[in-house]
Amino acid sequence: MPASELQSTWRSPDGAYDLSVKRDTSYGSTPQAASAGQLAWYRDTAASSMADLEVTTHKTRQNGRDAVWLEIDYHWAKQSEPRRRLEVFVAGRAGYVYQLLVDTEATPQRLAAQTRMFATARESLRIDVPAA
């Protein structure tokens, strides 16, 4: 990974939630291209270990900029427990796209906490943008 790209992942102490933020140019310089490229990779079960994806895509705003928000229902390959991943993609400076995600098992209690965690993470996300 080039020095100008970043990725950081946090797992809750009980292993119930994964939260990740990434800034890179892997799939293009727009939220639409980046989310489409990431989804194509997820749909490759051999590469991602994700299976039976059901995706809902929303246009949204993040840090005052156009963004793409994904809700992904899936399960890990060779496992049947349903999971949900929430992601937002927003463009930063110099062609970089930020990807923020929160992933957990799709139980009512965990989904409620995931919604709160995702909202807090989105409120806290700071992206690099060109000076006005």
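Use the structure listed above.
Every value quoted in this text rests on a predicted model; they were computed, and no experiment measured them. (Residues numbered from 1 in each chain as written. Predicted model: local features only at pLDDT ≥ 70, side-chain atom pairs only at ≥ 80, totals over all residues. Heavy atoms only, no water.)

## Structural notes on helix α3 (residues 108-124)
With 17 residues, α3 extends 25 Å between its outermost C-alpha atoms, agreeing within 8% with the 24 Å of an ideal straight helix rising 1.5 Å per residue. Listing the buried residues of α3 in full gives Ala 113, Gln 114, Phe 118, Ala 121 and Arg 122. The inward-facing, buried residues of α3 abut β2 (17-24), β3 (50-62), β4 (65-76), β5 (83-91) and β6 (97-105). (Helix = DSSP H or I, 4+ residues; strand = E, 2+ residues; numbered from the N terminus. Expected span 1.5 Å × (residues − 1). Buried < 20%, exposed > 50% of the residue type's maximum accessible area, 1.4 Å probe, protein only. Contact = heavy atoms within 4.5 Å.)

## Quick look at the pattern of salt bridges
Per the stated rule, a full pass over the model turns up eight salt bridges. Its salt-bridge partner being Asp 73, residue Arg 84 comes within 2.8 Å of it at the nearest N-O pair. Note that Arg 84 is positioned in strand β5 and Asp 73 in strand β4, a separation of eleven residues in sequence. Arg 84 sits in the partly exposed class, given a relative accessible area of 22%. The exposure class assigned to Asp 73 is partly exposed, which follows from its relative accessible area of 25%. Here Arg 83 makes a salt bridge to Asp 103, at a shortest N to O gap of 2.5 Å. (Salt bridge = Lys/Arg side-chain N within 4 Å of Asp/Glu carboxyl O.)

## Description of the pairing of β3
Bridge count for β3 against β4 is eleven bridges, and the pairing is antiparallel. Paired with Thr 57 across the bridge in β4 is Leu 70. Here β3 folds back onto β4 in antiparallel fashion, the turn holding two residues, of which Asn 63 has a positive phi close to 55 degrees. (Pairing = 2+ DSSP bridges.)

## Looking at unusual backbone geometry
The backbone of Asn 63 sits at a positive phi, close to 55 degrees, despite the residue not being glycine. By the element assignment, Asn 63 lies in the loop between β3 and β4. Of the residues examined, Asn 63 reaches a relative accessible area of 34% and is grouped as partly exposed. Not every positive phi belongs to a glycine, and Lys 78 is a case in point at roughly 70 degrees. Relative accessible area serves as the criterion here: at 88%, Lys 78 is assigned to the exposed category.

## Some thoughts on the sheet that holds strand β1 (residues 6-11)
Taken together, the six strands give an open sheet; going across it, the order is β1-β2-β6-β5-β4-β3, and neighbouring strands pair in antiparallel fashion. Lying at the two open borders of the sheet, with one neighbouring strand each, are β1 and β3. Across the sheet, the mean angle from the axis of one strand to that of its neighbour is 15 degrees, orientation sign disregarded. For β4 and β5, the ladder comprises eight bridges, and the chain directions are antiparallel. Each bridged residue has a counterpart across the sheet, and for Ile 72 the counterpart in β5 is Arg 85. Contacts from α3 reach β1, β2, β3, β4, β5 and β6 within the one sheet, and its direction differs from that of β6 by about 160 degrees. (Axes fitted to C-alpha atoms, helices over the stretch in contact; angles between N-to-C directions.)

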